[in-house]
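# Chains, contacts and geometry: an overview
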Number of protein chains: 2
Amino acid sequence: MQTELETILIAQGRKARRAARFLATAPTHKKNEALYAMADQLEAHGQEIITANKIDLEAGRKQGLTSALLERLTLNESRIHDMAQGLREIAALPDPIGEMLEMTRRPNGLDIGRIRTPIGVVGIIYESRPNVTADAAGLCLKSGNAIILRGGEEALNSNRIIARIISAAATQAGIVDGAIQLVDSEDREAAVFMMKMHDYLDVLIPRGGQGLKKAVLDNATVPVIMTGMGNCHVYVDEYGDYEKALPIVLNAKVQRPSVCNAAEKLLVHQAAAQAYLPGIIKALQEAGVEIRGCEKTRRIVPGLIEATPEDWSAEYLDLIMAVKIVDSLDEAIDHINQYGTGHSEAIISDNYNAVRSFMAGVDAAAVYANASTRFTDGNVFGFGAEMGISTQKLHARGPMGLRELTTTKFVIYGDGQIR
Amino acid sequence: MQTELETILIAQGRKARRAARFLATAPTHKKNEALYAMADQLEAHGQEIITANKIDLEAGRKQGLTSALLERLTLNESRIHDMAQGLREIAALPDPIGEMLEMTRRPNGLDIGRIRTPIGVVGIIYESRPNVTADAAGLCLKSGNAIILRGGEEALNSNRIIARIISAAATQAGIVDGAIQLVDSEDREAAVFMMKMHDYLDVLIPRGGQGLKKAVLDNATVPVIMTGMGNCHVYVDEYGDYEKALPIVLNAKVQRPSVCNAAEKLLVHQAAAQAYLPGIIKALQEAGVEIRGCEKTRRIVPGLIEATPEDWSAEYLDLIMAVKIVDSLDEAIDHINQYGTGHSEAIISDNYNAVRSFMAGVDAAAVYANASTRFTDGNVFGFGAEMGISTQKLHARGPMGLRELTTTKFVIYGDGQIR
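Starting afresh in each chain, residues are numbered from 1 along the sequence in its written order. Chains carry letters from A onward and ligands carry numbers from 1 onward, assigned in written order. Owing to the predicted nature of the model, reporting of local features is limited to residues with pLDDT of at least 70; listing and counting of side-chain atom pairs is limited to 80 or more, with chain, interface and lining totals taken over all residues. With hydrogens and water stripped out, all remaining heavy atoms of the structure feed into the side-chain values.

### A closer look at the pairing of strand E6 (residues 203–206) of chain B
Residue and element names in this part refer to chain B. Working definition: with a 1.4 Å probe on protein chains only, accessible area under 20% of the residue-type maximum means buried, over 50% means exposed, and in between means partly exposed. Helix and strand assignments follow DSSP, with helices taken as H or I runs no shorter than four residues and strands as E runs no shorter than two, numbered in order from the N terminus. Alternating residues of E6 divide into Val203 and Ile205 and Leu204 and Pro206, and every residue in both groups is buried. Two strands qualify as a pair provided DSSP detects at least 2 bridges between them. Relative to E6, strand E3 (residues 121–125) runs parallel, the two being bridged by four bridges. Within E6, the residue paired with Val122 across the bridge is Val203.

Structure follows, in structure tokens:
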């Protein structure tokens, strides 16, 4: 027996499938016109969005959401303008669909090519920030995919009006109805049911914390792209330049500690520890960071909290940093590969061989030489907006832009060949 | 509480993880030396392999395996030589690892590149043909991945000796122990537990029928690449050339009906049906094919079995073909997108617009113009061996060779950049 909620979700899935067939061959100019219309309509309805957002904020305050969460949830004119600009930027990006990646002629005369196509129907489960609703819908539309959006309960009123505005704008611009749909339910079961809709969703992108990750592992039959688990390290090598190490460690830790590409761990080569650690730790502490040190670190900088074994795996998303002194570059690489989440990892070194070994040996979505881990971001990498940062290895790894929302198919041109 | 089997599998998983770290940076010449050694050792131990294979064949006969299955299970000197040659061909292919796919300089001076890396640890669950053991291990070794192999129970003795020989040869050639491991158990639970080993396996490739697919949907927490579901169509257009249509339909259906790229359905445009269908159906029947016709087909060729609604979704893997007359190209495309499995689909037409619409509109791993669906194959496409044919859209679609066993990572070179 289907529940009422399941019946609604399946109907949305069917509608998305139909829309996806239309979108797969929609001309670029039509998709772009829709994106510009969506942007214009968001700005035109700014006051309505702000009014709806106030209901979410009021409810959030009553439920005792932290001020950080309330801040993420807040929409104002400037943020609505940014959302609209994001859609216009996506419209300005080249259309990835139809690109022939390669074509070769085989000995039997067949021309075999590989061409970029949309994935089909994309599902996304996300939290808090209502701008994701517009970003994700815009990226999916441009890449020819239908999208089913499932935002956080705390943002339902905001997401509902944003989805309604952009969906109506897209339809008026000639995109078939059903290309952009929101799951209009606060029920947690809606997210769990989405994870099992493999007949209707070609991929599911969960953006959230450990709870969502576990629910996905337990329930998903839809292929999933895991995003945003970030236990990131900065390793200061024996040959690291202090003048680069200090600002990079500080930036990676404190510029925005709540995001997944912020550094959580500092590894320092033993040969550099005595000279560098006191200064780096002092600067971090002055920036409000709580330091948890390994035994050797605490001998060099007395009075630090002791790092526990759990610290090496932890993702704090806060002004906390654990510090470990390693005996060698190899120990640093092994430590990162063992405890890291495969997100963003950095080495600070002026030694050619050390950098080369680190870049090759560290298994992560983004590996940095002499730069802050904070750069792992679709905009910084030049993708326009981003759909999330994949920390898995299949299909997409790192920031996901338009290209990561596509697949390929083989096209084979013959003149009667048989086998 | 872990069962003994689970304890063994987890130990294999740990060993594979360690091996994968070694393989990720193993030099190409060392991997190739191992592949040549594996090939030589398979040939040197041919008699032992044949003896072990006889035990499997004997047991299979007692269990009443069909002659087709027994045939697939059989190893002889020639097949062992083919396995060895397959490994030598993999050695001769270029190493995909370390290829820089692109690198751009961003406005802030960061050089951001994307480089090809191994996936890590690959699991494969397969049936019957013991040569898959060598093919899959060879492809994974060359692409820098560790592999855990789980063959069919009916081939356990054959797979056991093949895995032992090639694993020992690789180790002697300097590859770390654990790169190639077989799950040495007839227990079905071993396969189910593998599907849940997401801490140890980066991807699982199931090769098998509907039962395996269902078990994977029900149990897998490891990211999966589904393979080889093939309800393939040949569509003969209004503007199709009979001289091409007849041999292509025959070839697609009868050349090897038991494989996933064989055609199961024939769609014919109504304007071509009267002229083409009697001849095509007669030729198919003479080749031993049972025809199941739609109502219109049965009016043109009386006496055919009636096609039921279930026929349109069926994958026969046998000398059976269902035939449907469609009113238009659009109906053909819609029918294929609704009932097909997204494997291989062909149009026979000399009309430019019809071919262009079909290639763009059909959503499948391989779409053919005027050629047989039977060509969807890693060897034919020029990939050397293949790991399976993906019928999903994420990560890999169509025949999977070395490239599909890789992922990428971003490498970012800076000189002190912060955000």
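### Some words on helix H14 (residues 352–361) of chain B
Within the sequence span of H14 of chain B, burial applies to Ala354, Val355, Phe358 and Met359 of chain B. Buried residues of H14 of chain B, seen end-on, are gathered within an arc of 125 degrees and therefore sit on one face of the element. Across from the buried face of H14 of chain B, at angles greater than 90 degrees, the exposed residues are Tyr352 and Arg356 of chain B. Where H14 of chain B is buried, its residues touch strand E16 (406–417) of chain A together with strand E7 (232–236), helix H13 (329–339), strand E12 (344–348) and strand E13 (366–371) of chain B. Throughout this description, a polar contact denotes any pair of N or O atoms lying within 3.5 Å of each other; where both atoms belong to protein, one of them has to be capable of donating a hydrogen while the other can accept it, and for residues adjacent in sequence the pair is counted only when both atoms sit in side chains. Its side-chain oxygen 2.9 Å from the backbone nitrogen of Asn353 of chain B, Asn351 of chain B forms the N-cap of H14 of chain B. Along the arc lie the directions from the helix axis toward the C-beta atoms. We call two residues in contact whenever any of their non-hydrogen atoms come within 4.5 Å of each other.

### Focus: the sheet that holds strand E3 (residues 121–125) of chain A
Residue and element names in this part refer to chain A. Judged by pairing direction, the sheet is parallel, and its four strands sit side by side in the order E5-E4-E3-E6 without closing on themselves. With one partner strand each, in any of the chains shown, strand E5 (180–182) and strand E6 (203–206) form the two edges of the open sheet. Geometrically, the sheet is characterised by an average inter-axis angle of 20 degrees between neighbouring strands, direction not taken into account. In this structure, strand E4 (residues 146–150) lies alongside E5, joined through three bridges in parallel fashion. Residue Leu149 lies in a different strand from E5, and its bridge partner there is Leu182. The angle between two axes is taken between their N-to-C directions and runs from 0 to 180 degrees, where each axis is a line fitted to C-alpha atoms and a helix contributes only its stretch in contact. On the sheet, helix H6 (residues 131–142) packs against E3, E4 and E5 and is oriented at approximately 165 degrees with respect to E4.

### Side note on a nonpolar patch on the surface
Within the patch definition used here, like charges are joined within 9 Å and nonpolar side chains (Val, Leu, Ile, Met, Phe, Trp, Tyr) within 5 Å, considering only residues with over 30% relative accessible area and no salt bridge. Per-residue and other accessible areas follow the Shrake-Rupley method at a 1.4 Å probe size, with only the shown protein chains counted as cover for residues. Here, a salt bridge means any side-chain nitrogen of Lys or Arg that lies within 4 Å of a carboxyl oxygen of Asp or Glu. Judged by side-chain polarity, Met100, Met103 and Tyr413 of chain A come together as a nonpolar surface patch covering roughly 250 Å² of accessible area. Of note, Met103 of chain A is situated in strand E1 (residues 100–105).

### Here's the deal with the interface of chain A and chain B
Note: interface size is frequently given as the accessible area lost on complex formation between the parts. Taken residue by residue, the interface counts 68 residues in chain A and 68 residues in chain B. Buried surface at the junction of chain A and chain B, summed over both partners, amounts to about 5600 Å²; 57% is from carbon and sulfur atoms. Accessible-area loss on putting two parts together, using a 1.4 Å probe and summing over both, is the definition of buried area adopted here. Looking only at chain A, the three residues that lose the most surface to chain B are Leu394, Phe410 and Arg419 of chain A, adding up to 15% of its buried area. Counting across the interface, chain A meets chain B through six salt bridges. With its nearest N and O atoms 3.7 Å apart, the salt bridge here joins Arg419 of chain B to Asp377 of chain A. In this assembly, chain A and chain B are joined by 35 residue pairs in polar contact (both at pLDDT 80 or more). Of all the elements in the fold, those that place two or more residues in the side of chain A that touches chain B are strand E2 (111–118), helix H10 (242–254), helix H14 (352–361), strand E13 (366–371), strand E15 (398–399) and E16 of chain A. It is E16 of chain A that provides the largest number of residues to the side of chain A that touches chain B, a total of eleven residues. Here the side of chain A that touches chain B is built from residues that sort into 32 nonpolar, 22 polar and 14 charged. Under the convention adopted here, Pro, Cys and the residues Ala, Val, Leu, Ile, Met, Phe, Trp and Tyr are nonpolar, Asp, Glu, Lys and Arg are charged, and Gly plus all remaining residues are polar.

### Details of the pattern of salt bridges
All names here are of chain B. Scanning the entire structure with this criterion turns up 56 salt bridges over all chains. Here Glu102 ties to Arg114 by a salt bridge, and the two come within 2.7 Å at their closest N and O atoms. Of the two residues, Glu102 is situated in strand E1 (residues 100–105) and Arg114 in strand E2 (residues 111–118); the sequence distance between them amounts to twelve residues. Given the relative accessible area of 30%, Glu102 is considered partly exposed. Taking the relative accessible area as the measure of exposure, Arg114 reaches 14% and is therefore buried. Among the ionic pairs, Glu153 bridges to Arg188, the shortest N-O distance being 3.4 Å. On the criterion of sequence distance, the pair formed by Glu153 in the loop between strand E4 (146–150) and helix H7 (156–172) and Arg188 in helix H8 (residues 188–194) is long-range, its members being 35 residues apart.

Coordinates in, geometry out; function isn't part of it.
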